[in-house]
Amino acid sequence: MTTDGLIKEIQEEFPSFRIIYKRDSRLQRAIHVAIVVLTFGAMRTYSTRYHTAMFGKLWVPDSWEAMGDLDRVILLRHERVHLRQRARMGDLVMAFVYLIPFFPLFLAYGRARIEWEAYS
C-alpha cells in the first residue's frame, strides 16, 4: 500500500480527513506555546517532531515531507486507529482520556490504552 492509496482509503472512511501542516495552524502553534509553558521549556518539539490527530485531521510537522513512503503508511495506519477511537468515543471523551496524564500518574492509564490500541 502506498501513502496516496491509504490516504484515499482513510478519506473514504472519514470524509473530512485532511493532512495539515502544523506550521499553517494558529491552533497548533498555540498548543506548542502552551506545552512549552506548562513544561517549563522542557518540551519544545511538539510542532517539529510530533504528528497529531485532532478534530478528524492529521496535523504534521515539516518532517512529513522527508518521511519515506513506508514510514508514512505506518504513521497513517496508527493515526487511523485514533480516528476510529474518536468516532467511537467522541471528541470530548477522547480528549479527556488523552489529557488525563497531566493529573496523578495512575490516571495515565487511559492515554496508555489509547496508544496501545493504535500501536497494535
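Above this text you will find the structure in question.
Procedures and definitions
Residues numbered from 1 in each chain as written. Predicted model: local features only at pLDDT ≥ 70, side-chain atom pairs only at ≥ 80, totals over all residues. Heavy atoms only, no water. Helix = DSSP H or I, 4+ residues; strand = E, 2+ residues; numbered from the N terminus. Buried < 20%, exposed > 50% of the residue type's maximum accessible area, 1.4 Å probe, protein only. 1 Å grid on protein atoms, 1.4 Å probe; cavity = no way out; pocket = protein on both sides within 12 Å on 5 of 7 lines; lining within 4 Å. Points joined across faces, edges and corners; volume = space filled by probe spheres on them. Nonpolar A, V, L, I, M, F, W, Y, C, P; charged D, E, K, R; others polar.

## What about unusual backbone geometry?
Within the chain, Phe-40 stands out as a residue other than glycine whose phi angle is a positive 55°. Counting through the fold element by element, Phe-40 comes out in the loop between α2 (26-38) and α3 (46-49). Positive phi, close to 60°, is recorded for Phe-55, a residue that is not glycine. Along the chain, the position of Phe-55 falls in the loop between β2 (52-54) and β3 (57-60). Here Phe-55 falls in the partly exposed class, since its relative accessible area comes to 47%.

## Details of the layout of surface pockets
Taken as a whole, the largest pocket spans an internal volume of roughly 1300 Å³. If you trace the largest pocket, you find 42 residues lining it, with His-51, Thr-52, Ala-53, Tyr-98 and Glu-115 closest to the centre. Of all the secondary-structure elements, those providing two or more residues to the lining of the largest pocket are α2, α3, β2, α4 (69-89), α5 (91-99) and α6 (109-119). Ranked by the residues each element gives to the lining of the largest pocket, the list is headed by α4, at twelve residues. For the lining of the largest pocket, the residue count by class is 25 nonpolar, seven polar and ten charged.

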